[in-house]
Every structure is written in C-alpha cells, then in structure tokens.
Amino acid sequence: MQIALHWMVVALIIAQWLTSDSIARTHNPLIPPSSTDLLLHSLHNYGGMVIGVLVALRIVLRLMRPVKPPAGLAAWQKQAAFLVQWGLYASLLAQAATGLATSYLTGKAAPVHAFLWNVTLTLAFAHIVAALIHIVRRDGIAERMKPRFGNRPAATPGNRKP
C-alpha cells in the first residue's frame, strides 16, 4: 500500500507542476481566464487536496507499520534518508494546507505556498538522486519501491535478480 501511495503522490506532484501556470493566468486582472485555465486551476486545487490526504494516509501507515532501514547503509545515509523522507511528508502536507488556505481563505498564504514548492522540489531532487545512486549500485534499495503486482515478494539484497 505504501508503494502505491508513493507513486500516486509522484504522479499528482507532476500534475501539480503541469497545472501550476494556470493559476497566474486565472488571477490576471487584465485578461479574463480561459475555460481551460479555469479547469486546470480546479484540477490543481483538488489535486493538492488529494496529495494532502494521501500523504496523511502514508504517514499513518508508516507509523502503524514502520519500514526497517535497509542493511548496509552508513549511519549518515540512514539519517539523510530519514530527514529527506519526513521532510517531504512535512513539505507536502504544508503545501496542501497553504494551497487550501490560499484558495479558500486568504491569498496571503501564496508566498509561503510558493516557497514550500521550492522546498519540496529540493527534497524531491535529493530523493531522486539517492534513488539513482542505488539503481546504479544495484544494491537492492531502489527495488524496495518498485511497484509490485500480485503476490510477487519485495526485492531484497538476498532475493533480488542479478
């Protein structure tokens, strides 16, 4: 379930990025927004709410069923992974909250929402770089987040394919 939630949030973050330009066009006082921009803006708003719910669910699942850190990592790597993972959870929840506040309460939260987007991108970049390093090393760590279908067991260093 955590793997599915991870990839759903990834897809939604990409959608958020692709729909974010519509927000400025929707709120432009000089040009009326197009129906496409209004649709994209709505998709962005609701997508952010869904991200907030999915991340909250992921946190609950993670607390109920903690994931054991992979063996073979140095202490600093485990600490970095922990900080990036929980930093992403925090920034995504904060982004969802400030996006909701900006859209439905006050536009004054918009600068914080935009700042949090940069925090999220920075953390996501660190996460992706680390994943790519593990893919290149073929150490089995990236395999843990590969989508699985049916009853196929999770890959671990002991059961991964060469």
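Along each chain, residue indices are assigned from 1 in the same order as the chain's sequence is written. Note on the predicted model: pLDDT of at least 70 is required for a residue's local features to be given, and 80 or more for side-chain atom pairs to be given and counted; whole-chain, interface and lining totals, by contrast, use all residues. Hydrogens and water molecules were not included; the side-chain quantities draw on all heavy atoms of the structure.

> How do you make sense of the overall build of the protein chain when you look at a structure like this?
In this description a helix means any DSSP run of H or I spanning at least four residues, a strand means any run of E spanning at least two, and both kinds are numbered starting from the N terminus. Helix and strand content of the protein chain: 5 helices and 0 strands. Listing each helix as α and each strand as β along the protein chain from the N terminus yields α-α-α-α-α. Expressed along its principal axes, the backbone C-alpha trace of the protein chain runs to roughly 60 × 35 × 30 Å. The cut-offs for exposure are 20% and 50% of the maximum accessible area for each residue type, with area from a 1.4 Å probe on protein chains only; residues under the lower value are buried, those over the upper are exposed, and the others partly exposed. Burial statistics for the protein chain: of 162 residues in total, 28% are counted as buried. Pairs of residues are marked as contacts when any of their non-hydrogen atoms sit within 4.5 Å. Taking contacts inside the protein chain between residues at least 6 apart in sequence as the whole, the part at least 24 apart equals 65%. Note that accessible areas follow from Shrake-Rupley with a 1.4 Å probe, and for residues the cover is restricted to the protein chains shown. Working note: accessible area of the protein chain is about 10800 Å², and carbon and sulfur atoms make up 72% of it.

> Mind showing me how you'd approach the packing of aromatic side chains here?
Both the distance between ring centres and the angle between the ring planes are used here to describe each pair of aromatic rings. Here a pair means two rings of Phe, Tyr or Trp (six-membered ring of Trp) with centres within 6.5 Å. Their orientation is stacked below 30 degrees between planes, edge-to-face above 60, and tilted elsewhere. Across all of its chains, the model carries 3 aromatic pairs by this definition. Geometrically, the ring pair formed by W17 and W117 is edge-to-face, given 6.3 Å between the ring centres and 70 degrees between the ring planes. Of the two residues, W17 sits in helix 1 (residues 2-19) while W117 sits in helix 5 (residues 110-137), which places them 100 residues apart along the sequence. Judged by its relative accessible area of 54%, W17 falls in the exposed class. Ring centres 4.9 Å apart and planes at 90 degrees place the aromatic pair W86 and Y89 in the edge-to-face group. You can see W86 and its partner Y89 sitting in helix 4 (residues 75-104), 3 residues apart, about one turn around the helix. Residue W86 is classed as partly exposed on the basis of its relative accessible area of 25%. An aromatic cluster of at least three residues, connected via ring pairs, comprises F82, W86 and Y89.

> When you look at helix 1 in this model, what are you seeing that I'm missing?
Since the α-helix advances by 3.6 residues per turn, residues separated by three or four positions end up pointing in the same direction. Each residue after the first adds 1.5 Å to the expected span of a helix. For helix 1, spanning 18 residues, the distance from its first C-alpha to its last is 25 Å, which sits close to the expected 26 Å at 1.5 Å a residue. All of the buried residues along helix 1 are Q2, I3, L5, H6, V9, Q16 and T19.

> So what exactly am I meant to see when it comes to the environment of I13 here?
Secondary-structure assignment places I13 in helix 1. Excluding residues that lie within four positions of it along the chain, I13 makes contacts with I51, L92 and W117.

> What's the story with the pattern of salt bridges in this structure? I'm lost.
Note that side chains of opposite charge can pair when their charged atoms are close. We define a salt bridge as a contact between a side-chain nitrogen of Lys or Arg and a carboxyl oxygen of Asp or Glu at a distance within 4 Å. All chains considered together, the criterion is met by 2 salt bridges. Between D37 and R25 there is a salt bridge, and its shortest N-O distance comes to 2.8 Å. Taken together, the residues D37 in helix 3 (residues 35-64) and R25 in helix 2 (residues 21-26) connect sequence positions 12 residues apart. When its relative accessible area of 41% is taken as the criterion, R25 is described as partly exposed. Salt-bridge contacts for E143 lead to K146; the nearest nitrogen and oxygen are separated by 3.4 Å.

> Help me understand a nonpolar patch on the surface in this model?
There is a patch of nonpolar side chains on the surface, built from Y46, L100, Y104 and L105 and spanning about 480 Å² of accessible area. By the element assignment, Y46 lies in helix 3. Every patch collects residues that have over 30% relative accessible area and no salt bridge, joining them within 9 Å if they carry like charges and within 5 Å if they are nonpolar side chains (Val, Leu, Ile, Met, Phe, Trp, Tyr).

> What should I look at first to understand the packing of helix 3 against helix 4 in this one?
Any two packed helices are characterised by how steeply their axes cross, that is the angle between the axes, and by the distance between the axes. Here an angle of 0 to 180 degrees is reported between the N-to-C directions of two axes, which are lines fitted to C-alpha atoms, with helices fitted over the stretch in contact. For the pair helix 3 and helix 4, the least separation of the axes is 9 Å and the interaxial angle reads 145 degrees. Read as a crossing pair, helix 3 and helix 4 show a hand that is left-handed. Residue-level contacts link N45, Y46, G48, M49, I51, G52, V55, A56, R58, I59, R62 and L63 of helix 3 to Q85, W86, Y89, L92, L93, A96, L100, S103 and Y104 of helix 4. Note on residue classes: Ala, Val, Leu, Ile, Met, Phe, Trp, Tyr, Cys and Pro are nonpolar, Asp, Glu, Lys and Arg are charged, and everything else, Gly too, is polar. Residues that form the contact of helix 3 with helix 4 fall into these classes: 14 nonpolar, 5 polar and 2 charged. Less than a right angle of anticlockwise turn of the near helix away from the far helix marks a crossing as left-handed, whereas a clockwise turn marks it as right-handed.

> Just checking my understanding: could you explain the side chain of H44 for this structure?
Mapped onto the secondary structure, H44 falls in helix 3. What makes H44 buried here is its relative accessible area of 10%. With residues up to four places along the chain from it excluded, the contact list for H44 reads Q16, T19, S20, I23 and H113.

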